[in-house]
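Geometric and topological summary
One letter stands for each residue in the lines below.
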Amino acid sequence: QVQLVESGGGLVQAGGSLRLSCAASGRTFSMRAMGWFRQAPGKEREFVSAITWGGGFTYYADSVKGRFTCSRDFTKNTVNLQMNSLKPEDTAVYYCATALATRSDYVRGASYDYWGQGTQVTVSS
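My aim in this report is to walk through the structure given alongside it, one point at a time.

Conventions we followed
Residues numbered from 1 in each chain as written. Predicted model: local features only at pLDDT ≥ 70, side-chain atom pairs only at ≥ 80, totals over all residues. Heavy atoms only, no water. Helix = DSSP H or I, 4+ residues; strand = E, 2+ residues; numbered from the N terminus. Polar contact = N/O pair within 3.5 Å; in protein donor to acceptor, adjacent residues only side chain to side chain. Buried < 20%, exposed > 50% of the residue type's maximum accessible area, 1.4 Å probe, protein only. Lys, Arg positive; Asp, Glu negative; His and termini not counted. Salt bridge = Lys/Arg side-chain N within 4 Å of Asp/Glu carboxyl O. Contact = heavy atoms within 4.5 Å.

Further remarks concern the environment of arginine 38. Tracing the chain through its elements places arginine 38 in strand β4 (residues 33-39). C-alpha of arginine 38 to C-alpha of alanine 101: the two residues are 63 residues apart in sequence and 22 Å apart in space. Among the polar contacts listed, one links the side chain of arginine 38 to the side chain of glutamate 46, at a separation of 2.6 Å. A polar atom in the side chain of arginine 38 sits 2.9 Å from the side chain of tyrosine 94.

Below, the structure is given as structure tokens:
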């Protein structure tokens, strides 16, 4: 099993920045990719970003391209999501997830095996 714990959420004004972190423990040697998803009230969960653990290839939703940056830290088994130029529509609970096998599509939630509990991000206008 892999345990994931998100941190770094909070309240920020529009145009501001936040940095989310996701710390992994357990069978981290099996991780192949890490993803970030978010869910706003009354909406479905949506893909935000992903990074392959070995090659560091990154993927972003169109809505966050150019504003969010996903990175990984091998030494801490941590994935970070730097969020800049935040907008009120970025308000959601953000979840990290990990895939323990190489998948062809890291945009789908079904590609991931373990999920964190989530961290709230609120962007005020």
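Quick look at the side chain of glutamate 6 now. Take glutamate 6: it is sitting in strand β1 (residues 2-7). Comment: no salt bridge for buried glutamate 6; closest opposite-charge side chain is arginine 45, at 10 Å. A polar atom in the side chain of glutamate 6 sits 2.9 Å from the backbone nitrogen of cysteine 96. Of the polar contacts made by the side chain of glutamate 6, one reaches the backbone nitrogen of glycine 118; its length is 2.8 Å. With sequence-adjacent residues up to four places away left out, glutamate 6 is seen in contact with Ser21, Cys22, Trp36, Tyr94, Tyr95, Cys96, Gly116, Gln117, Gly118 and Thr119.

So, about unusual backbone geometry. Of note, the phi angle at asparagine 77 is positive, near 50°, even though the residue is not glycine. Tracing the sequence through the fold places asparagine 77 in the loop between β7 (68-73) and β8 (78-83). In this model, serine 85 sits at a positive phi of 50°, which is unusual for a non-glycine residue. Assignment of secondary structure puts serine 85 in the loop between β8 and β9 (92-99).

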